[in-house]
Amino acid sequence: MPLINGQRPGTIYLVSSPNDPRSTVPDRLASAGGLSEGVARVLSRDTGLHEADIYGVGSFYHLLARPEARVRVCGGLSCQLAGSREVLSACKAAGLPTEEISCLAACDRAPAVLRDRRTLPSVTVEDATRSAGKVEDLCSTDSETAWLGTIGPETQSMGTHALNLLGEPDWSAEAFKAANKMGPAALFDLLEESGLQGRGGAGFPAHIKWRAVAGQAVQKRYIVLNADEGEPGTFKDREVLMRRPDLVLEGLAIAAAATGASEVYLYLRGEFEVPSGVIAQAIAKLEETNRYPDITFHMHAGQGAYICGEETALLEALEGKRGMPRLKPPFPVEVGLWGKPTLVHNVETIAYIPGIVLKGGAWFKNLGRTEPGTKLYCISGHVQNPGTYELPLGISLDELVETAGGYVGTLKAFSPGGASSGFLPASERGRALDFKGLGSLGSMLGSAGVVVLNDTVNMRWAAEEQLRFFEEESCGQCAPCRIGTHYLHAAVKGQEKSLGLAHVGDVAWQMNEGSICGLGQAAALPLTSALKYFPEDFS
Amino acid sequence: MSPTTQTLLVDGHVVELRPGDTILNAANRADVSIPTLCHDPRLKPVGACRTCLIEVEGARRLLPACATPATEGMKVNTESERVDRHRKTLLALYLTDHDGTQEHGQGGAPNQLASMAREVGAPTDWGQLPSKRRGSIKDDNPYILFDPDQCIACARCTRYCDEVESVTAITLAGRGSETTISTADGISLLDSTCEMCGGCIDTCPTGAMTERKAAEVQAPPESDLTKVRSTCNFCGVGCQLDLNVDPAANDGRGLVVKVTSPPVGTTSNDGNLCVKGRFAYEFINHEDRLTTPLIRDADGVLQPASWEAALAATSQGLAGVMERHGKNALAFISSSRCTVEENYLVQKLARQGYGTNNVHQCSAT
Ligand SMILES: Cc1cc2nc3c(=O)[nH]c(=O)nc-3n(C[C@H](O)[C@H](O)[C@H](O)COP(=O)(O)O)c2cc1C
Ligand code: SF4
Ligand code: SF4
Ligand code: SF4
Ligand code: FES
Ligand code: FES
C-alpha cells in the first residue's frame, strides 16, 4: 500500500529502515531545529547512536549545520546576474539572519531566496527592506503557483513531446498495466529500442541498469528517485514534479514492478518544500485509489548538500550518514541502498517511462534529432524568457534561445550543462547540445542546465564563482577535490600571493585523475575552459 | 606453484592470489611498494587519500590499491608515467595545504606526508593555502593534542576510534575544505566518551593527532630517540610497548618522553594500548619513585637497604607472625601490575610456602 510514513505534505518525512535508527538522524536533526549545541547529545540518548556520529552528520548538511540562518540568498551565477548580491545585502541590512547558499534550482526565477525550507522566487531588494527584519514577512510571491516557471514551447502534444509538461496529469495507470502485461523482458527491450539515456548528468543507457538490477541474485531491491536537483543552472526536475507527478510516480511504479522491487524512495532536496507537498498529495491520491497495491513510496527530504545528487552520496544520505560518495565499483545496481541492488534514476528519466510504454521505443527515439528523445533544456542568465523547454535532443544553443525569446545583449559564453560542464565560447552556438558532441568538446550536456552569459560578464569572475561553489559543496572526503577546489578558487580569486595560475593545468589534471567522484573530476572545468577560450579576461 | 594457483601480475612480477587480497596486499608480497596514507590494515579501506592509485590494465580510471580486490589475471602497473605524475601532483597539492617542510610534527611525531612528498619528488613551489580546518577538540585534555593544520582528513583516527575501540568519540566534521576532526559540539575529549587509549595518535600518519606531553617537553624527532621495547606492567595482558627515551635529556641520564605501540602486526597487541600503557609513564622518572628497598629502623624511620637485607627482613617478619598467630594470620595480596607469571608465583608462595589460602590479587574483583 502506498504511504508517506504518515506525514503531512510539506513536513519532514522519516525514512523507515526498519532496524537502523541511523537513517532517522538527518530528520531528527531537522525536527530539532538543526545542530544547536547539545542537540547531538539529546539525539544520542534517543537513538543509542554516538553523539559524535550525530554531530558529524549534522555538520555536513548546510541546512542543519547553521540553524541560526533562516534566510539564504542564492549566490549562483544566474541569480547574481539578476542582482542577488544586492538582495543579500538588503536582507542583512534589514536585520534578517541571512547567509548565501548554492543554486536553489530556481534560476529561471532569479534571484531566489530560501526562507527556512521554502524557496521564494524573484525576491527584490524592496521585499527585503519591507520585511523590516521579520523572517515571516519576507514573502514576495509565496503561493504554490508562483513556483511554476515558464514552460516551452507553447504548443505541446503527447505526439511530439515525450513529457508534455503542459498536458493534463493522467492518473489512469494505463502505462503501468500495459507494462505489466508486457513483462520485464519485453519492457527492457523496449527501453533499449527507445535509446533512453539517463537525464541526471551521465547519459547512461537506462535499459542496462534495469536489466542489471532485475538480474541480481539478491531478492530485496530498491528504486530510488534522484530529485536532489542541485547542479547550478538546473530546475527542470522541479517543473516535472510540480506539473506531472503522475508521470513520475507511474514511472517509478513501472520500474519497481519490472525489477522486482516493492519499495521506492523519493529523495527530494530539502529546499523543495513546495514540490514535495505536490508529490505527497499525489501519493495520497494514488493510495486512495489503490493504484499500485504492491508498492510503497517513501519520501525523504535532503538537508542541504549538492553532493547528495551524486547517486552513492544520495544513498549514504538516505542511510542517515554524511553524504560522502562511495567508491565505485561496486555500482548501486549491485550494492545500493542498505547494500541491496538499487535502481537510481533522475526525475526526468523516470518521467519518460509511461510515454515510452504507451507509444513505443521507436516513437521516443524519433523525437530526438542527434540523439534519442526530446529533452528538457533549462535556460537562464542572459535570455529573454528563462524557463524549461522540451525540445528534440540535439538542438543548438541558438535554436534554444530563439524558443526562449532571444538573447539579452550579445552572447559571449555559455555553460551547456550546469557548472560541471565549464564554459563554451559563442562560436559553439550552432553546435548540437547532446551528450556525445559536447563530450567530445571536453564539456558535457550533463543536466542541460544552460546558462547564457553576454559580453558584460568577465569570465574570470564567472570561473571564480563556479569554483567557490565547488569548494563549498565538495564533500571533503578525498584530497584532490578537497584541496584542488580550494586551491583553484584561491588562485583565481588572486588573494593568496603565493598562488598563481601557473599550476592550474597540473591541479586540474590531478583532480580529474585522482578524485573519487564526478564533482572533483569536473570541478576544474569552469576555470580551465575560461582560460582556454577567454585568456584576455585573465590578463 | 601448482597449476591451479591463481595469479596476478604486479609490475611484471607473478604474484600468487590469496583469498581476500587487495592489490596492495599482493603488491607488498611482490616487494612492490605503493605509498599509502589513509590505509591501516586494522581498518576497512576507504580509498580517500588517493596516494595509492595505480593503473590496472583495462580500467579507464586509476584505482586505489588499498581498496581494490586483486583478481585472477589482473595486470597492475605502478611504474607508469601516469602513476608517477599522479603521485607528484597529488603530493604537491597536499603540500599547498600542509606544512611539508618538517618531517616531524609537534612532539617529534613523524610526518609521513612530508617524507613521502620528498621520496616521490613532488614539486614544492605551488604556493601555500590558508588552512580552513578548525581545531574543535577543546584543548584541556592532558594527553592528546590535535593540530588541524597538519590534518589531511584521512579519517584513520575516527575510523580507529569507531572500528577498533568501538568508542566513536571523534568524527569527521564539516564539509569541503573545512572538513576537520571534532568531538560532538567540539567538547573536550574528557567530556566525551573518549577512553584516552591514544590509538588515534598511533594511527595518525601526519602527527596531527599527537602526544601532548611530548609536545610540552619539546621532544626531538622520533629518529633521535632510543626505543626500548618493554612489556606494559599495568595489567596482566602483557601489551608490548616502546619506551621512547631521549638519551640527552635529564642531564644525560635519559628521559622517557613518550610511549608508542610497536608497529601493527608485530606484537600481540597489534598497535593498540590503553590509557595506562600509553600515557601513565611519568612514574618512571618521578622523584617519588622508590628505586631501592627500604627497612624501618628502630625509630620507625625508613632506611635504604639492599635487596638481600630486605628479603631477609620480610621472610623473618612473616615467619614471626606465623609462629605467634598461625598460618591463617597471613594474607598475600599481589598487584595487577605483576605479570600473570608473577601472580602465579605469589599464590604458590602463599599456598605451598606458608600453607594459607589467604591470597588475593587486586584486579580479581
Ligand atoms: C556531483 C554530482 C552531482 C549530481 N547531481 C545530480 C542531481 O542533482 N540529480 C540527478 O538526477 N543526478 C545527479 N547526478 C548524477 C547521479 O549520480 C546519477 O548518475 C543519476 O541520478 C542517475 O540517474 P539517470 O540514469 O536517470 O541519469 C550527479 C552526479 C554527480 C557526480
Ligand atoms: S571528488 Fe569531491 S565530492 Fe567527490 S568524493 Fe572526492 S571530495 Fe567528495
Ligand atoms: S584516545 Fe582512543 S577513545 Fe579517545 S578519541 Fe582517540 S581513539 Fe578514540
Ligand atoms: S588527525 Fe591524523 S589520522 Fe586523523 S584525519 Fe587527521 S591526519 Fe588523519
Ligand atoms: S537558483 Fe540561483 S542560480 Fe540557480
Ligand atoms: S591508501 Fe589507498 S587511498 Fe589512501
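Residues numbered from 1 in each chain as written. Chains lettered and ligands numbered in written order. Predicted model: local features only at pLDDT ≥ 70, side-chain atom pairs only at ≥ 80, totals over all residues. Heavy atoms only, no water.

### Details of the overall build of chain A
So, step 1. The helix and strand inventory of chain A stands at 24 helices and 14 strands.
So, step 2. Based on the C-alpha atoms only, the size of chain A along its principal axes is roughly 65 × 60 × 45 Å.
So, step 3. Taking all 539 residues of chain A together, 65% fall into the buried category.
So, step 4. Pairs at least 24 residues apart make up 72% of the contacts formed inside chain A by residues separated by at least 6 positions.
So, step 5. When the accessible area of chain A is evaluated, it comes to approximately 17,800 Å², of which 51% is carbon and sulfur surface.
So, step 6. Treating the 49 positive side-chain charges of chain A as one cloud and the 62 negative ones as another, the clouds have centres 2 Å apart. (Helix = DSSP H or I, 4+ residues; strand = E, 2+ residues; numbered from the N terminus. Buried < 20%, exposed > 50% of the residue type's maximum accessible area, 1.4 Å probe, protein only. Contact = heavy atoms within 4.5 Å. Areas by Shrake-Rupley, 256 points an atom, 1.4 Å probe, with all protein chains shown as cover. Lys, Arg positive; Asp, Glu negative; His and termini not counted. Charge placed at Lys NZ, Arg CZ, Asp CG, Glu CD.)

### Quick notes on helix α8 (residues 174–182) of chain A
Residues lying three or four places apart along an α-helix face the same way, a consequence of the helix completing one turn every 3.6 residues.
Residues and elements named next belong to chain A.
So, step 1. Within α8 the residues assigned to the buried category are A175, F176 and A179. End-on view of α8: buried residues confined to an arc of 100°, all on one side of the axis.
So, step 2. Buried positions along α8 lie against α9 (184–194), α12 (245–259) and α16 (353–359).
So, step 3. Phi for G183, located one or two positions after α8, is positive at around 85°. (Arc of directions from axis to C-beta.)

### Considerations on the site of ligand 3
So, step 1. Every residue near ligand 3 is listed here: B:I144, B:Y160, B:C161, B:V167, B:I170, B:C194, B:E195, B:M196, B:C197, B:G198 and B:C200.
So, step 2. Tallied by class, the residues present in the shell around ligand 3 amount to 9 nonpolar, 1 polar and 1 charged. (Near = heavy atom within 4 Å. Nonpolar A, V, L, I, M, F, W, Y, C, P; charged D, E, K, R; others polar.)

### Some points on the pattern of salt bridges
Residues and elements named next belong to chain A.
So, step 1. The final tally for this structure, using the stated rule, is 52 salt bridges over all chains.
So, step 2. Across the pair D537 and K412 runs a salt bridge, and its minimum N-O distance is 2.7 Å. With D537 in the segment after α24 (525–533) and K412 in strand β12 (residues 411–415), the pair connects residues that are 125 residues apart, well separated along the chain. K412 shares its class with D537; the two are buried.
So, step 3. Taken together, the salt bridges that share partners define one network made up of R85, E100, E465, R468 and E472. (Salt bridge = Lys/Arg side-chain N within 4 Å of Asp/Glu carboxyl O.)

### A look at the interface of chain A and chain B
So, step 1. Opposite the 51 residues of chain A that make contact, chain B presents 49 residues.
So, step 2. Summed over both partners, the interface of chain A with chain B buries about 4,000 Å², with 54% contributed by carbon and sulfur atoms.
So, step 3. Of all residues in chain A, the largest losses of buried area upon contact with chain B belong to A:Y55, A:R482 and A:W509, amounting jointly to 16% of the total for that side.
So, step 4. If you look at where chain A meets chain B, you find 4 salt bridges.
So, step 5. Residues A:D506 and B:R85 are paired through a salt bridge, measuring 2.8 Å at the closest nitrogen-oxygen approach.
So, step 6. Viewed at the interface, chain B and chain A are joined by 26 residue pairs in polar contact (both at pLDDT 80 or more).
So, step 7. Of all the secondary-structure elements, those providing two or more residues to the side of chain A that touches chain B are α2 (39–47), α3 (51–60), α20 (459–473), α21 (479–493) and α22 (504–514) of chain A.
So, step 8. By residue class, the composition of the side of chain A that touches chain B is 19 nonpolar, 20 polar and 12 charged. (Buried area = accessible area lost by both parts, 1.4 Å probe. Polar contact = N/O pair within 3.5 Å; in protein donor to acceptor, adjacent residues only side chain to side chain.)

### Some words on the packing of helix α2 (residues 81–97) of chain B against helix α3 (residues 112–120) of chain B
Residues and elements named next belong to chain B.
So, step 1. Close contact between α2 and α3 brings their axes to 10 Å; oriented N to C, the two are set at 140°. Considering their axes alone, α2 and α3 lie oblique with respect to each other. You can see that α2 and α3 cross each other, and the crossing is left-handed. Residue-level contacts link R87, K88, L91, Y94 and L95 of α2 to L113, M116, A117 and V120 of α3. (Axes fitted to C-alpha atoms, helices over the stretch in contact; angles between N-to-C directions. Parallel < 35°, antiparallel > 145°, perpendicular 65-115°, else oblique. Left-handed = near helix turned anticlockwise from the far one by under 90°.)

### A look at the site of ligand 2
So, step 1. The environment of ligand 2 is formed by 13 residues, the closest being A:C475, A:Q477, A:C478, A:C481 and A:C517.
So, step 2. Among the residues forming the shell around ligand 2, the class breakdown is 8 nonpolar, 5 polar and no charged.

### What to know about the sheet that holds strand β14 (residues 449–454) of chain A
Residues and elements named next belong to chain A.
So, step 1. The 6 strands are arranged β5-β11-β10-β14-β12-β13 in an open sheet whose pairing can be described as mixed. Only two strands of the sheet have a single neighbouring strand rather than two, namely β5 (151–152) and β13 (424–425).
So, step 2. Across 4 bridges, β12 lies against β14 in antiparallel orientation. Paired with S415 across the bridge in β14 is V451. (Pairing = 2+ DSSP bridges.)

### Quick look at α12(A)
All names here are of chain A.
So, step 1. Here α12 contains 15 residues, and its C-alpha end-to-end distance of 21 Å stays within 8% of the 21 Å for a straight helix at 1.5 Å per residue.
So, step 2. Burial of α12 is extensive: 14 of the 15 residues sit out of reach of the surface.
So, step 3. Within two residues after α12, G260 carries a phi angle of roughly 80°, on the positive side. (Expected span 1.5 Å × (residues − 1).)

### Considering the domain arrangement of chain B
So, step 1. Parsing chain B into structural domains produces domain 1 (7–79), domain 2 (93–216), domain 3 (225–285) and domain 4 (294–364).
So, step 2. The C-alpha-based centres of domain 1 of chain B and domain 4 of chain B are spaced at 58 Å. (Domains from an automatic or database assignment.)

### Looking at a nonpolar patch on the surface
So, step 1. Side chains of B:L290, B:L294 and B:L302 sit close together on the surface and give an oily, nonpolar patch of about 280 Å² of accessible area.
So, step 2. Here B:L302 lies in strand β14 (residues 302–304). (Patch = residues over 30% accessible without salt bridge, like charges linked within 9 Å, V, L, I, M, F, W, Y side chains within 5 Å.)

### Section: unusual backbone geometry
So, step 1. For the peptide bond that leads from A:A110 to A:P111, omega is -5°, which places it in the cis range.
So, step 2. Within the secondary structure layout, A:P111 lies in the loop between β2 (98–101) and β3 (113–115).
So, step 3. For the bond from A:K328 to A:P329, the omega torsion is -5°, close enough to zero to count as cis.
So, step 4. Here A:P329 lies in the loop between α14 (311–318) and β9 (342–346).
So, step 5. In this model, B:D185 sits at a positive phi of 55°, which is unusual for a non-glycine residue.
So, step 6. For B:D185, the position within the fold is in the loop between β8 (180–182) and α5 (199–203).
So, step 7. Backbone geometry places B:D270, a non-glycine residue, at a positive phi of 50°.
So, step 8. Here B:D270 is to be found in the loop between β12 (255–260) and α7 (275–279).

### Overview of the state of the cysteines
So, step 1. By the definition in use, this model includes 0 disulfides over all chains.
So, step 2. Between B:C239, a free cysteine, and B:C232, which holds the nearest cysteine sulfur, the sulfur-to-sulfur gap is 6.3 Å. (Disulfide = S-S within 2.5 Å.)

### Section: the pairing of β12(B)
Residues and elements named next belong to chain B.
So, step 1. Of all 6 residues in β12, 5 are buried, a share of seventy percent or more.
So, step 2. In this sheet, β12 lies alongside strand β11 (residues 240–246) in antiparallel orientation, the contact comprising 5 bridges. What sits directly across from D246, in β12, is L255.

### A short note on the pairing of β14(A)
Residue and element names in this part refer to chain A.
So, step 1. Within β14, 6 of the 6 residues are buried, which leaves it mostly tucked inside the rest of the structure.
So, step 2. With 4 bridges connecting them, strand β10 (residues 374–381) and β14 associate as parallel partners. Paired with C378 across the two strands is G449, which belongs to β14.

### Observations concerning the packing of aromatic side chains
So, step 1. Counting across every chain of the model gives 15 aromatic pairs over all chains.
So, step 2. Measuring from ring centre to ring centre gives 4.6 Å for A:F176 and A:Y292, while their planes differ by 75°; the resulting arrangement is edge-to-face. Placement of A:F176 in helix α8 and of A:Y292 in the loop between α13 (273–289) and β8 (296–301) is noted, with a sequence separation of 116 residues between them. This pair shows no difference in class: A:F176 is buried, exactly as A:Y292 is.
So, step 3. Ring geometry for B:F234 versus B:F283: centroids 5.9 Å apart, planes at 85°, classification edge-to-face. Residue B:F234 is located in the loop between β10 (226–231) and β11, and its partner B:F283 is located in the loop between α7 and β13 (294–296); the two are separated by 49 residues in the primary sequence.
So, step 4. The class of B:F283 is partly exposed, set by a relative accessible area of 29%. (Phe/Tyr/Trp six-rings, centres within 6.5 Å; stacked < 30°, edge-to-face > 60°.)

### With respect to the domain arrangement of chain A
Quite often, the size of an interface is put as the accessible area lost when its parts meet.
Residue and element names in this part refer to chain A.
So, step 1. Considered domain by domain, chain A is made up of domain 1 (21–65), domain 2 (71–147), domain 3 (151–364), domain 4 (374–454) and domain 5 (459–538).
So, step 2. The interface is formed by 14 residues belonging to domain 1 together with 18 residues belonging to domain 3.
So, step 3. Summed over both partners, the interface of domain 1 with domain 3 comes to about 1,200 Å²; 60% of that surface belongs to carbon and sulfur atoms.
So, step 4. Three residues stand out in domain 1 for area buried against domain 3, namely F60, Y61 and L63, and they jointly supply 45% of the buried area on that side.
So, step 5. Taken together, domain 1 and domain 3 are joined by 0 salt bridges.
So, step 6. Taken together, the links from domain 1 to domain 3 amount to 6 residue pairs in polar contact (both at pLDDT 80 or more).
So, step 7. For the side of domain 1 that touches domain 3, the elements supplying multiple residues, two or more each, are α1 (25–31), α3 and α4 (62–65).

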